Amino acid sequence: MTNHWNDLQFADVLMVIGANPAENHPISFRWISKAIEKGGKLISVDPRYTRTSQMANVYGQLRSGTDIAFIGGMINYVLEHELYHKEYVAHYTNAAYIVADTYKFEDGMFSGYDEATRKYDQSQWAFKTDEEGNVLTDPTLTDPNCVYQLMKKHYARYDIDTVVGVTGTDKDTYMDICKTYGSTGEVGKAGTILYAMGGTQHTVGTQNIRAYAILQLLLGNIGIAGGGVNALRGESNVQGSTDFGLLYHNVPGYMEVPTGSEGDSTYQGFLDRITPASGYWVNKPKFYTSMLKSFYGDNATADNEFGYHFMPKIAPGKDYSFMRLFDAMHRKELEGLILFGSNPVVGGPNSFKEQAAMANLKWMVAVDLFETETSAFWQKEAGNDPSSVQTEVIFLPACSSFEKEGSVTNSGRWMQYRWQGIAPKGESRADLEITHMLARRLKELYKNESTPAAKQINALYWNYGDDDHPDIELVCRDINGYDWKTKKQIQSFGDLQDDGSTTAGCWIYTGFYPENENLAKRRDNTNEGMSNFLNWSFAWPANRRILYNRASADLNGKAWSKERVGIEWNAQEGKWTGYDIPDFVATKGPDDPTFNDPFIMMAGGKGALYAAAKLNEGPFPEHYEPYENPISNAFSSVQLNPAVQFGEEEMNAKGEADKYPIVATTYRLSEHWQSGAMTRNVPWLAELVNHMFIEISEELAKEKGIKEKDKVIVATARGEIEAYAMITKRFKPYKLKEKTVHHIGMPWHFGYKGIATGATANRLTPHIGCANSTIPEYKAFLCDVRRV
Amino acid sequence: MEVNVTRRQFLKLSGAVAATLAVVELGFDEKSAKAQSEEFKIAKLTPTPTICPYCSVGCGILVYANEDDVVYTEGDPDHPINEGTLCSKGTTVRQVYTSEKRVTKPMYRAPGSSKWEEVDWDFALDKVAKNIKETRDKTFMEKENGITVNRTDAIAYLGGAALDNEECHLLQKLFRAGLGLSYIEHQARI
Ligand code: SF4
């Protein structure tokens, strides 16, 4: 989230698209309701009429996988009717930037495509620069090659009739949504977009989110209270686990992982590659070196490039992401799998195939509270003959969140501490302790060896105590970072150095633990204004509650709206003051050339309506149909996102519309959570929702002769599952331009373990993902339904 | 325990707890509720603040526990986001502790076996460490195409979205910086 939960109350209009907070983030609805009480309008856009839709002023029905068409039409509407925030767009975004003549867009394709690799030469989308490399601009926004004009041309194709013919939305409702949401472009108004996995789990997922961001930039809705692009994250600490680099392509704090390429063969070469010429990321070498110092301590010195060569370097161009990991397992390239609170047999795409791949493992370690479908994949219940599965499995019992202490970071980036309420149950242990015990044992095993493998682990700086119980204080201090010599805590990431004199385990958190106090433990709930609660816990970065908050004020530093003051330039005091921590040095005044550059992480400081070289399928979001789809693309002759990559063919059977004519999607329920381990094993929750079901429309039920609670089979090209039919009005057939299609939905929480059991929806989902993030396309696939 | 539930906060808490319990356990007879509230099991317990382990709203929860059981949990009235309220999941968090399905001992499944065996921590951890070392030593690449890469592509790590930040930090540090894994992934990708 650029903003945070309490801030939702300040919105004039809230558009929830690809999310269902009333059921999946129930308590967030306190603040949504508050906005409505104050006269705010709620728009819900979803394939299914959810409980969020029920609370909304307007509900727009949208076929799964057509967000870009939907938002593209809104962008067009806002531009056509000149509803955008003119000053904001002209000065805070890259609307005026001029794009190089090599940029072209024709029939769904941008320039520079290579069919063989399914990749674009992104240099063709660059900005035009002068001899010194400065981007050329046209402040009048009239140059036909400026971002504003190109965007206008691109989205002019997204006229209302074409859009609703693709999305299936009722035309009047769609126009109402365009108008209502477009009204937030007025100076001083605020609109917020809330999304979740309904936005991301598509072959065009990243571009869906880009489309939301473009709309928000046009309406001047980023950086202000009641605005923002807000991801409603699914797990209590998925924000933190991402911040801390538990992904193959990121180390902590969103920095790059080195590759085994020539350019990365020296630390300097690597830093040159990853450090941009302007924007806040020019400081990256300081953050990276401080991180290496945290990793390798005394073994990271100027003489050995700060231990850079101890870091593993991934194969250049190789994709190690979740689905490719299972592809590799399928090809028998993996011997071992280590799982900490992870249950892919329920949560992974085409999960039966993923489960089958597990039998190729030599060993598996599962750390969990409950026996999961994954840790038990070798059992008869899983459909396996145990005697033929040669995988050695070790299960380590973890304790729950209140049987240990530590912090989690919520969607609003609040890092909140959880104290220990009781000793771990039985012999279970905290994951922190398990990791520490394992590290100590491995270090012990290697200590007398000098192979390259031994050198790496021996170089690792592991100073969390001398027995099996780690000292969490030391871990916290390590995350924040300290001065290597004096061991004094670092106050802010602005103080980090690139000479090895400072450490920082995760630079974006630096400042949460100044010398005497862990700020994540703060419990002062005084509202000093705008419900930012600056003394409650700690928000990264630097306790900032709303990102890009410079944009909450106009060109002179005055708030756009008196009711929504974020920060304002106080000429008398010579600094920014207000209700939040400024996104930059507080004394940055009108004399500073970057005074009007709110988007500090971008080179140039302007919000990116046009993404010059960031996304794999193009600088503007363009609609493509899902991998499996019932109709041809109305916007071009290109059916599937041209930059999507395919994995192992055997892992990803594809269904066609003649055999599987119904669109399907998956969703979550209030009473269950993710793969169900922590809810299907909880008696009350198991009792509340104890059966797997699919939700189908009255029309489809009639066509198929299905009655309420009938047992039905859902079939896709990947497999079949059995579930109860729940017939509702919440799904309606879609009247698209070419034909009418049915749409169904189902929860994905079930598996065969636990108290409440049921078929696993992900046995049906395709093994293909977004061209940028590779998040699987769980949310739109084709199926057929029949009675048992 | 260095929790700073302030005195003001604590007093307010005790009141709220008594009121909730009165309704749940005693119906609406206020008088007898008041009389009996003094004797409630939790009356002598100090609440421990925690944050809900489910979704990312990050609601505050108070845990009342004695030596060997979690007696009661409820929404933290001082928490600015949930202000004492919780959804169905946050409300039942006590049962994450009490559920009979909790695994409380390390378990081992030998290749080809059809059952788990309970083992002790030393056995389990030694096995894990030995497996990691064996696979890693066999597959570790010091160089690839003449460039130092120090990695293994034969071990994969998954998970983290329900863990604490401090845990994520140590996991990332151990498996990437210490052991050279490339396949490090978690729920954010799916
Ligand atoms: S109580 Fe419900 S809304 Fe609050 S964090 Fe827990 S799961 Fe989310």
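These numbers were taken from a predicted model, which means no experiment stands behind them. (Residues numbered from 1 in each chain as written. Chains lettered and ligands numbered in written order. Predicted model: local features only at pLDDT ≥ 70, side-chain atom pairs only at ≥ 80, totals over all residues. Heavy atoms only, no water.)

Draft legend 1. Spatial organisation of the overall build of chain A. On a plain count of helices and strands, chain A comes out with 21 helices and 27 strands. Taken over the C-alpha trace, chain A has a radius of gyration of 26 Å; the compact-globule value for 788 residues is 28 Å, and the two agree within 12%. Counting only C-alpha atoms and orienting by the principal axes, one finds that chain A spans roughly 75 × 75 × 55 Å. Per-residue burial for chain A yields a buried fraction of 66% across its 788 residues. (Helix = DSSP H or I, 4+ residues; strand = E, 2+ residues; numbered from the N terminus. Rg over C-alpha atoms; globule rule 2.2 N^0.38 Å. Buried < 20%, exposed > 50% of the residue type's maximum accessible area, 1.4 Å probe, protein only.)

Draft legend 2. Structural view of the sheet that holds strand S1 (residues 48-51) of chain B. Residue and element names in this part refer to chain B. A sheet is described by the order of its strands in space; here 3 strands give the open sequence S1-S2-S3, paired in antiparallel fashion. If you trace the sheet from one side to the other, it starts and ends with S1 and strand S3 (70-75), each paired once. Averaged over all adjacent pairs, the angle separating strand axes in this sheet is 30°, with direction ignored. Bridge count for strand S2 (residues 60-65) against S3 is 5 bridges, and the pairing is antiparallel. Bridge pairing in S3 places Leu-62 opposite Glu-74. (Pairing = 2+ DSSP bridges. Axes fitted to C-alpha atoms, helices over the stretch in contact; angles between N-to-C directions.)

Draft legend 3. Looking closely at the pattern of salt bridges. A complete count under the given rule lists 51 salt bridges over all chains for this structure. With a shortest N-O distance of 3.1 Å, Glu-144 of chain B and Arg-151 of chain B are connected by a salt bridge. Taken together, the salt bridges that share partners define one network made up of Arg-440, Arg-441 and Asp-468 of chain A together with Asp-122 and Asp-126 of chain B. (Salt bridge = Lys/Arg side-chain N within 4 Å of Asp/Glu carboxyl O.)

Draft legend 4. Spotlight on the sheet that holds strand S17 (residues 538-539) of chain A. Within the open sheet, the 3 strands sit side by side as S15-S16-S17 (chain A). Their pairing is antiparallel. Each having just a single partner strand, strand S15 (406-409) and S17 of chain A make up the two edges of the open sheet. Judged from the 2 bridges that link them, strand S16 (residues 414-418) of chain A and S17 of chain A form a sheet pairing that is antiparallel. Across the sheet, Trp-414 of chain A pairs through a bridge with Ala-539 of chain A, a residue of S17 of chain A. Here helix H6 (residues 165-178) of chain B sits on the sheet and contacts S15 and S16 of chain A; the angle it forms with S15 of chain A, its principal contact strand, is near 95°. (Contact = heavy atoms within 4.5 Å.)

Draft legend 5. Geometry of unusual backbone geometry. Residues and elements named next belong to chain A. The step from Trp-540 to Pro-541 runs through a cis peptide bond, and the omega angle for that step is -10°. Following the sequence through the fold, Pro-541 ends up in the loop between S17 and strand S18 (567-570). For Phe-533, which is not glycine, the phi dihedral falls at a positive 45°. On the secondary structure map, Phe-533 appears in the loop between helix H19 (472-480) and S17.

Draft legend 6. Structural detail: the packing of aromatic side chains. In this structure the tally under the stated criterion is 59 aromatic pairs over all chains. With 5.3 Å between their ring centres and 80° between their planes, Tyr-610 of chain A and Phe-620 of chain A make a pair best called edge-to-face. Here Phe-620 of chain A lies in the loop between strand S19 (575-578) and strand S20 (662-667) and Tyr-610 of chain A lies in the loop between S19 and S20, a separation of 10 residues in the sequence. Note on accessibility: Tyr-610 of chain A and Phe-620 of chain A belong to one class, buried. The ring of Trp-31 of chain A has Arg-30 of chain A lying over it, and the distance from NZ or CZ to the ring centre is 6.0 Å. Lying across the ring of Tyr-97 of chain B, Lys-425 of chain A places its NZ or CZ 5.4 Å from the centre. (Phe/Tyr/Trp six-rings, centres within 6.5 Å; stacked < 30°, edge-to-face > 60°. Lys NZ or Arg CZ within 6 Å of the ring centre and 35° of its normal.)

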